[in-house]
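Remarks on the overall topology
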Amino acid sequence: MDIKNKQAVSVFSHIRIKELENWLPFQQGPILVVDKLNYLVGVLDDNCVWKKRAEGKNELVENCISLRFLRISSLTEISENDPYHYDFFIMEGEGQYICYTASEVREWKYQQKINGLLGINQSLHEQLEIALRKNKEFTQILNSTYDEIFVTDEKGNVLFVSESCKHFTGLPPEAFINRNIHELVDKGIITNSVTLKTMATHTIHSVEQEYPSGKTVLATATPVFDEEGKLYRIVCNSRDISELVEMKRQLMEKQSAQQDQGAPITQRTIGSQKFITQSQNMISTLQLAERVAPTDSSIFIHGESGVGKGVLAKIIHEHSPRKDKPFVQVNCGAIPETLLESELFGYEAGAFTGANKRGKAGLVEMANEGTLFLDEIGEMPLGLQVKILQLVQDKTFKKVGGTTEKQVNIRIISATNKDLLQMIEEKTFRQDLYYRLHVVPLRLPPLRERKQDIALLADYFLEKFSSIYSRPIELTEDAKLLIQLQEWKGNVRELENFIEQIVVTAQKPLIHLEDLPLAMKHMIHNEHHLPFNHLTLKKAVEETEKQLLSHALKQHKTTRKMAKALGVNQTTIMRKLQKYELRNLQ
C-alpha cells in the first residue's frame, strides 16, 4: 500500500471549539492546530472537543489538542516502535502539512514487509531458475564428453554417471545411479574398481580396466574433500584407450620383429641431436629428403614449431655433396628487420653510421659452397624478399652500400610454420619467391599425427637427461600412457622440455601417474575441457586461494575491504596473506 500525501487541514489555536461544531463532522482526517504565526502546536483531539461541548464548555481549541505526534521528513525514518508511541506523524513542506495516523503508518509498514518478502521470493525464484539452468548446462557438458565421468559420495553411493557410459558398458546411467559401488562390483558390472581404492586410501589411483564389451579404459579416481578435510566425493574419469593399447601391441610386435631381424628403429644422428621415428609418414619424409639431398634443388620444409625442421635441414646438408662445407642457419624472425639485410648480405665500408670501417661479410657470403637455411622465411620483410628472389634465381647479391654484384655458390633450404599461400593472398609474401623456394616441398607431421613416436622419444629423452643429470629416472606404464595420450602442441621441443622437467624435479626414481608435474595436469585440463583433472583438491584450493588473494590485493587497500569483498572475516584474510607470503596490509 502506498500512503497518499493528504494535505492536512489546520485551525488556529485561539478560536473557540463552538466555532467548529458545524464544520468538524465533515472532516475525515486529522486537524492540525497552529498558532497565530502558523506554527504547529498540536493535533485536534476530536474526543476532547465533543466531551467539552457535551459539558457546555466553549474553551479555546488549544485546550483540546494531542501532543502525541512526531515530526518527520519522510516515512522511511519511522521506526517499528514509533506507531505505538505516537498517534500522528507530520511532514512539513513548502508551508503545508501532511499528517498520517499511527494506524495508517502501521498498515503501510506491514505492506512494505509483504512487498519485501515478495521481492525476496521473486529473487530466490530467479536465482533458482539460474541455478537449475546452469546445472542443466553443466550436466549437458559432462554428457557431451567422450570420456566417462563417474561420481560417488564418500560411502560409494553413485550420484552421477555421464551418458558416455553407454559407449563403455552398454548400460544407461540409470543402471548405476542410486546404487552402491560395492553392489556393482559384487554383481560383476564393474571390475577392478578404482573408486574403491580411492575410498580406502583417500588418494588418486589409476588403473586399466577391461569391460565385457571388449573395451579397455584408463580409469583415474580423484578424492574430493570438504572444508574440514573429510572425504566428500570421489570423481572417476575413464578414457577409452582400446585403440592406443592395440597400437602399442602392434608397435611392440613390430619392434620385436625388427630386433629379431637386426633392424634398428629408424634414426638419424646429427651432432648431439637424434632424429628418431617409427612413424611411416615421417619415414617417408626422411627418405624423400635423403633422395633429393644430393641435388642442388631448393627445398621447402613445412611444419609446426618444434617438429624438427632445423634437424631435417641439417640431415639434408649431411647427405649432400656440400656436407664438408658450411651450413649457415638464419632465423628470419629472430633478427630485427632493420638489421636483417646487413646480417644477410653484409655491408661495405662506411655504408652507414656505426658500420665497421672495413665492412663486413654477411651470412650469405659465409655460406658460399655450402647450404643456407632460411628458417621462419614467413617472417621475411616484404621489401627484402626482392633481394632474396635475386639470390635464389641468380645466386648473386649486393652488399648494403655496395654497387657491384657478388656471386655465390649455395644451396638454399627454407622452412616455415606459417601458411604462405594465405600470406600471398594477403600481399605479405611474394608469389614468385614462393614458387622459386618451393621446388621440393617436405612436410614434417606433428606429434599428434604420429603418436607411436611419443613413447620412443620419451624413452630417448628420459635416458638422455638421466645421463646428463646423473639421476636414473623411470616412468610407470600408466605415466607413459598418459604422456602418449597428449597432443603436445609444442611437438618434440615441448616433449623434450617436459621430460627434462620430470628428471630434474623428481623426488623418487620411479614416476607414477600422480607424480607427473603440474604442467601435465594443466595440459590435460586444457585439452579436454573437463572440470576434473589429476590435481589434488588441496593443491587446487590453495592455488585458487592464492590467485584470489593476489587479485584482491590489487583491488582493495585494506584487509577489512578484502574480507568484505571475499565474504570472510578479516582475521582469515590476514592469516591467508601470511600463509602464502603475500604483501601484508593494514
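These remarks concern the structure in this document. (Residues numbered from 1 in each chain as written. Predicted model: local features only at pLDDT ≥ 70, side-chain atom pairs only at ≥ 80, totals over all residues. Heavy atoms only, no water.)

Examining the sheet that holds strand β20 (residues 411-416)
An order of β16-β17-β20-β15-β21 is seen for the 5 strands of this open sheet, with the pairing classed as parallel. Both outer strands of the open sheet, β16 (327-331) and β21 (440-443), are each paired with one neighbouring strand and no more. Ignoring strand direction, the axes of neighbouring strands in this sheet form an average angle of 20 degrees. As paired strands, strand β15 (residues 299-302) and β20 are joined by 4 bridges and run parallel to one another. Looking at β20, one finds that I301 is bridged to A415. Lying over the sheet, helix α9 (residues 309-318) contacts β15, β16, β17 (371-375), β20 and β21, oriented at roughly 150 degrees with respect to β15. (Pairing = 2+ DSSP bridges. Helix = DSSP H or I, 4+ residues; strand = E, 2+ residues; numbered from the N terminus. Axes fitted to C-alpha atoms, helices over the stretch in contact; angles between N-to-C directions. Contact = heavy atoms within 4.5 Å.)

Notes on the sheet that holds strand β7 (residues 96-101)
Pairing between the strands of a sheet comes from backbone hydrogen bonds, and it takes one of two forms, parallel or antiparallel. In space, the 3 strands of this open sheet follow the order β5-β6-β7, with mixed pairing throughout. Sheet topology places β5 (69-71) and β7 at the edges, where each strand pairs with a single neighbour. Along the sheet, successive strands turn relative to each other by an average axial angle of 25 degrees, direction set aside. Taken together, the 6 bridges between strand β6 (residues 88-93) and β7 define a ladder with antiparallel strand orientation. Counted as the bridge partner of E92 is Y97 from β7. Sitting on the sheet, helix α3 (residues 102-144) is in contact with β6 and β7, with an inclination near 70 degrees to β7.

Describing the state of the cysteines
Taken as a whole, this structure holds 0 disulfides when the rule is applied. Not engaged in a disulfide, the cysteine C64 finds its nearest cysteine sulfur in C48; these two sulfurs lie 3.4 Å apart. (Disulfide = S-S within 2.5 Å.)

Examining the pattern of salt bridges
Scanning the entire structure with this criterion turns up 19 salt bridges. A salt bridge links K406 to E365; its shortest N-O distance comes to 3.9 Å. Of this pair, K406 sits in strand β19 (residues 406-407) while E365 sits in helix α11 (residues 363-366), and the two are 41 residues apart along the sequence. Residue K406 is classed as partly exposed on the basis of its relative accessible area, which comes to 29%. On the basis of relative accessible area, E365 is assigned to the partly exposed category, the value being 26%. Several salt bridges converge on common partners, so that one network encompasses R179, E183 and K187. (Salt bridge = Lys/Arg side-chain N within 4 Å of Asp/Glu carboxyl O. Buried < 20%, exposed > 50% of the residue type's maximum accessible area, 1.4 Å probe, protein only.)

A closer look at the nonpolar core
If you look at the biggest cluster of nonpolar residues, it comprises 30 residues, and the most contacted ones within it are L344, V364, L372, L374, I377 and L391. Of all the secondary-structure elements, those providing two or more residues to this core are β16, α10 (337-345), α11, β17, α12 (385-394), α13 (420-425) and α14 (431-437). Among the elements that make up this core, the one with the highest residue count is α12 (4 residues). Excluding residues within four positions of it along the chain, L344 makes contact with V330, G362, L363, V364, L374, M380, L384 and I388. Of all hydrophobic cores here, the second largest spans 26 residues; its members include I454, L462, L495 and F498. (Core = buried A, V, L, I, M, F, W, Y, C linked by side-chain atoms within 4.5 Å.)

A word on α3
Owing to its 3.6 residues per turn, the α-helix brings residues three or four apart onto one side. Taking 1.5 Å per residue as the helical rise, α3 with its 43 residues ought to reach 63 Å, and the 62 Å between its terminal C-alpha atoms agrees with that figure. Taken residue by residue, α3 has A102, V105, W108, K109 and L142 as its buried positions. Turning to α3, the residues buried within the fold contact α2 (82-85), β6, β7, β8 (148-153) and β9 (158-161). (Expected span 1.5 Å × (residues − 1).)

Notes on helix α15 (residues 452-468)
Taking 1.5 Å of rise per residue, the 17 residues of α15 would be expected to cover 24 Å, and the 25 Å separating its terminal C-alpha atoms lies within 8% of that figure. Residues D453, I454, L456, L457, A458, Y460, F461, L462, F465 and S466 constitute the buried set of α15. Note on α15: the residue one or two positions beyond its end, S470, has a positive phi of about 55 degrees.

Re the packing of α15 against helix α17 (residues 491-505)
Relative to each other, α15 and α17 sit at 45 degrees, their axes nearing to 9 Å. Between α15 and α17, the angle is such that the two are oblique. As for how α15 packs across α17, the hand of that crossing is right-handed. For the pair α15 and α17, contact is made by I454, L457, A458, F461, L462, K464, F465 and S466 and by V492, L495, E496, I499, E500 and V503, respectively. (Parallel < 35°, antiparallel > 145°, perpendicular 65-115°, else oblique. Left-handed = near helix turned anticlockwise from the far one by under 90°.)

Looking at the packing of aromatic side chains
The full count for this structure, using the stated rule, is 9 aromatic pairs. Geometrically, the ring pair formed by F150 and F176 is edge-to-face, given 6.0 Å between the ring centres and 80 degrees between the ring planes. Here F150 is found in strand β8, whereas its partner F176 is found in the loop between α4 (165-169) and α5 (181-186), with 26 residues between them in sequence. Accessibility assignment for this pair places F150 and F176 in one class, buried. Among the aromatic side chains, those forming a connected cluster through ring pairs are F300, Y434 and Y435. (Phe/Tyr/Trp six-rings, centres within 6.5 Å; stacked < 30°, edge-to-face > 60°.)

Looking at unusual backbone geometry
Despite not being glycine, E369 shows a phi value in the positive range, around 75 degrees. With respect to the helices and strands, E369 occurs in the loop between α11 and β17. Classification of E369 as partly exposed rests on a relative accessible area of 36%. You will see that N491, though not glycine, has its phi angle at about 60 degrees, which is positive. Relative accessible area serves as the criterion here: at 0%, N491 is assigned to the buried category.

Take it as geometry only, folks, not as evidence of what the structure does.
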